[in-house]
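Tertiary structure, described
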Amino acid sequence: MQTKKLHEPSKAARRRAYLRRTLAAVFLVSLLVPLLAACGGDSRAQQQANQDKIALMKTLQNAQTIGVPSKSLQPIQKQIQDLNATQAPLTLFDDTPATQYYTNISTRSKQLQVQIQGLVQASTEQLEQQAQSNLEHLQHTLASKQKTALPLDAIKTLYQNDQNSMQKARLPKDYTLIVTHTGDALTAISQMPATLDKLTTLQSIIKMMQEGKQDVSELQQNYTDDQASLKKVTTPAELKQVDQTIDNQNKQAATKFTDVIPLLTQNKIDTMSNNVQKLQKYGIDATTYQKQLEQDRTQAEKVKTVEDYTAFAKTVDAHLSSMQTDLLKGEAMDLLKQFHKAVQDWGNAHQYNDKYNNVNYPLNTPYMTKGIGEDLDREVNAAQNADDYQQAVTDIQNAILHHQMMQQDANDSTPFNQPHETDKKLMDYYKLQKDQVIVVSFIEEALRVYQNGQLVRSFLITAGRPELPPVPGLWSPLWRRDHITFKSPYPKGSEFWYPDTPINYAILYHEGGYYLHDSWWRNDYGPGTQFYHIDSSGNTSANYGTHGCVNMPLDQAKWVYENSTYNTQILMY
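A few points on the structure.

Scoring rules and cut-offs
- Residues numbered from 1 in each chain as written.
- Predicted model: local features only at pLDDT ≥ 70, side-chain atom pairs only at ≥ 80, totals over all residues.
- Heavy atoms only, no water.
- Helix = DSSP H or I, 4+ residues; strand = E, 2+ residues; numbered from the N terminus.
- Rg over C-alpha atoms; globule rule 2.2 N^0.38 Å.
- Buried < 20%, exposed > 50% of the residue type's maximum accessible area, 1.4 Å probe, protein only.
- Contact = heavy atoms within 4.5 Å.
- Areas by Shrake-Rupley, 256 points an atom, 1.4 Å probe, with all protein chains shown as cover.
- Lys, Arg positive; Asp, Glu negative; His and termini not counted.
- Charge placed at Lys NZ, Arg CZ, Asp CG, Glu CD.
- Core = buried A, V, L, I, M, F, W, Y, C linked by side-chain atoms within 4.5 Å.
- 1 Å grid on protein atoms, 1.4 Å probe; cavity = no way out; pocket = protein on both sides within 12 Å on 5 of 7 lines; lining within 4 Å.
- Points joined across faces, edges and corners; volume = space filled by probe spheres on them.
- Nonpolar A, V, L, I, M, F, W, Y, C, P; charged D, E, K, R; others polar.
- Patch = residues over 30% accessible without salt bridge, like charges linked within 9 Å, V, L, I, M, F, W, Y side chains within 5 Å.
- Salt bridge = Lys/Arg side-chain N within 4 Å of Asp/Glu carboxyl O.
- Pairing = 2+ DSSP bridges.
- Axes fitted to C-alpha atoms, helices over the stretch in contact; angles between N-to-C directions.
- Phe/Tyr/Trp six-rings, centres within 6.5 Å; stacked < 30°, edge-to-face > 60°.

**Thoughts on the overall build of the protein chain**
From N to C terminus, the protein chain includes 15 helices and twelve strands. In terms of C-alpha radius of gyration, the protein chain reaches 46 Å, well past the compact-globule figure of 25 Å for 573 residues. Projecting the C-alpha coordinates of the protein chain onto the three principal axes gives extents of approximately 185 × 70 × 40 Å. Buried positions account for 40% of the 573 residues belonging to the protein chain. A separation threshold of at least 6 residues defines the contact pool for the protein chain, and within that pool the share at least 24 residues apart is 68%. Of the roughly 32,500 Å² of accessible surface on the protein chain, 51% is carried by carbon and sulfur atoms. The positive charge centre, built from 56 side chains, and the negative charge centre, built from 61, are 18 Å apart in the protein chain.

Structure follows, in structure tokens:
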């Protein structure tokens, strides 16, 4: 029996079958889409969730923009990332889970938004407190460093600017900037002494090389540039850069310095030797210092390197420093002897013959023992340390200058109501060209008032008496009073006693009751009135000079009082 072959579909039939299967699949999908959409959750809930997420992101961006610290925001950013990584559940017949998901998204977004707002407030308050605390710390630090050598002008300016910024600050970033500025400034101040020490080292090398007559123009320019750079420093980074520059310059300077070590070593020895000789000249025992000098000479022979010289110089400088008190003491005593001799010699040669009692008085009694000479003696005798003796030296030098100006004034024929060369020299010496200055001339018995170096008023006065002279020097008003009563410091029966005396205008220029004041009981003023005379007022108390005060006519005293202040300087010579 013969088997029949099965009939195979044609190619066209296969294509028609594939098309029917595809259309069936598309139809099935079209039926599922509405079902899936219907089960994706409530559209309003989804829309609200999207809006809340957008609001959350805006709140986060705002917090970042206004300067909330990123570290504070990191936990919230992590929660937002986790929230964004979630998806709504897919269900075919029940949209409740999807709706609940979107509701939760809304709730969580709002919670995070509230947390961010809380962070903004907390960060603002915290940073404001930190900024204020830093400003106060910086203020106290600047005040405590005011008398140091630290170049703090730039930091002072920064402090003032940050103070102004603090008044306008509202946002976290505003306070963060102030915190950063002040924190950097405080760190820079704490580190600055070390850099300044390095700059001082460079200056020392320059100075020592100058002593060796070496060319230091390049090093000096470096030093000047470093000073300028250091004055601009407000941050540790800026300070570090300056510090590194100075380090490099110090290395270069040390190399050049090596060549002049022998000369510098000898200079130290010569200085020590000269000081020993000065002490011997002053009559001060220099045995200890002579032994130190011999030790220094021995050490000097071994100095070969910069390190050797540094150690040697440290030793010699310590010896020189230990001599300072004795050197200044000797200088003060020697100057004081010169001063007393010059005063005595000139006073003996320049006498005023009082025709009323036929007594000769030196014209320079304010400088004698009963005057400032006594004060200087007391100052030198009371001195105990180098600073005391240095002050005594300065005071004696000033007294010598005033006495010299008095001598020059005695030979000056310029009328009392005209500017005097001696006035100008003293104002230049004390740098008073831009001040108001009251000048009192003992030789002329005259008072002149200068403003910015220009004479504005002048008149005759009576200053002191031989037994109670006025005090030469530069003084500032210690006390200003009008309409007071002077009471005598001397007991009744003393030749210097006087009854209670009403005074209209009084300016205390020196402790101990030394005033510029009106003397309404006098008629006569000018040369000679400080000595015994017969005053035209007929008032016998006006026949003598003053008790160390400067007496003025009432109207002149009124003008001086009303046209001067506590800042007015008083020059007497």
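Picking up where we left off.
**Concerning the nonpolar core**
Ranked by internal contacts, the top residues of the largest apolar core, which has 57 residues, are L138, I155, F257, Y309 and M323. Taken together, the elements giving at least two residues each to this core come down to α4 (96-144), α5 (153-168), α6 (172-211), α7 (217-231), α8 (236-257), α9 (261-282), α10 (287-300) and α11 (306-349). Sorting elements by how many residues they give to this core places α6 first, with 15 residues. Residue contacts for Y309: discarding those within four places in its chain leaves M208, F257, I261, L264, T265, K268 and V303.

**Observations regarding the environment of F496**
With respect to the element layout, F496 can be found in the loop between β8 (479-486) and β9 (501-510). Among the residues examined, F496 registers a relative accessible area of 13% and is labelled buried. For F496 and S109, which are 387 residues apart along the polypeptide, the C-alpha to C-alpha distance reads 96 Å. Ignoring anything within four residues of it in the chain, the contact list for F496 reads R465, E467, L468, S488, Y490 and H547.

**Examining the environment of G548**
Positionally, G548 belongs in the loop between β10 (514-518) and β11 (550-552). Residue G548 is classed as buried on the basis of its relative accessible area, which comes to 0%. Distance from G548 to V471, taken between C-alpha atoms, is 7.2 Å for residues 77 residues apart in sequence. In contact with G548, other than residues within four places in its own chain, are G464, L468, P469, P470, Y509 and Y514.

**Some points on empty space enclosed by the protein**
All told, the structure shown has one cavity of 30 Å³ or more when counted by the stated rule. If you add up the space inside the largest cavity, you get close to 70 Å³. What lines the largest cavity is L363, T365, P366, F442, E445, A463, G464, R465, P466, P470 and Q530. Tallied by class, residues from the lining of the largest cavity come to six nonpolar, three polar and two charged.

**Comments concerning a nonpolar patch on the surface**
A contiguous nonpolar patch, built from L478, W479 and Y566 and spanning about 310 Å² of accessible area, is present on the exposed surface. Structurally, W479 can be placed in strand β8. According to the relative accessible area criterion, W479 is partly exposed, its value standing at 33%.

**Comments concerning the sheet that holds strand β5 (residues 454-460)**
Spatially, the five strands line up as an open sheet ordered β5-β4-β3-β12-β7, and their pairing is mixed. Two strands bound the open sheet, and with one partner strand each, they are β5 and β7 (473-475). Strand after strand, the sheet turns through a mean of 20° between neighbouring axes, direction not considered. In this structure, strand β3 (residues 436-441) lies alongside strand β4 (residues 446-451), joined through six bridges in antiparallel fashion.

**What about the pattern of salt bridges?**
Evaluation of the coordinates by the stated rule reveals 15 salt bridges. Taking the shortest distance from any N to any O, the salt bridge between K424 and D428 comes out at 2.8 Å. With K424 and D428 both in helix α14 (residues 421-429) and four residues apart, the pair spans about one turn of that helix. Under the relative-accessibility criterion, K424 is labelled partly exposed at 44%. When salt bridges that share partners are traced, they join K198, D243 and D247 into one network.

**Focus on the packing of aromatic side chains**
To describe a pair of aromatic rings, one takes the distance between the centres and the angle between the planes. Inspection of the entire model under this criterion finds 14 aromatic pairs. Taking the centre distance of 5.2 Å and the plane angle of 70° together, the rings of Y101 and Y102 count as edge-to-face. Take Y102: its relative accessible area is 12%, and that puts it in the buried class. Ring geometry for F257 and Y309: centres 5.4 Å apart, planes at 65°, overall edge-to-face. Taken together, the residues F257 in helix α8 and Y309 in helix α11 connect sequence positions 52 residues apart. The buried category is assigned to Y309, whose relative accessible area is 1%. Through a chain of ring-to-ring contacts, three or more aromatic side chains come together here, namely F257, Y309 and F312.

**Description of the pairing of β9**
Buried residues dominate β9, accounting for eight of its ten residues. Pairing analysis gives four bridges linking β9 to β10, with the strands arranged antiparallel. Across the sheet, the residue bridging to H510 is Y514, located in β10. Hairpin connection between β9 and β10: a loop of three residues separates the two successive antiparallel strands, and G512 in this loop has a positive phi of roughly 105°.

The values are spatial; any link to function lies outside them.
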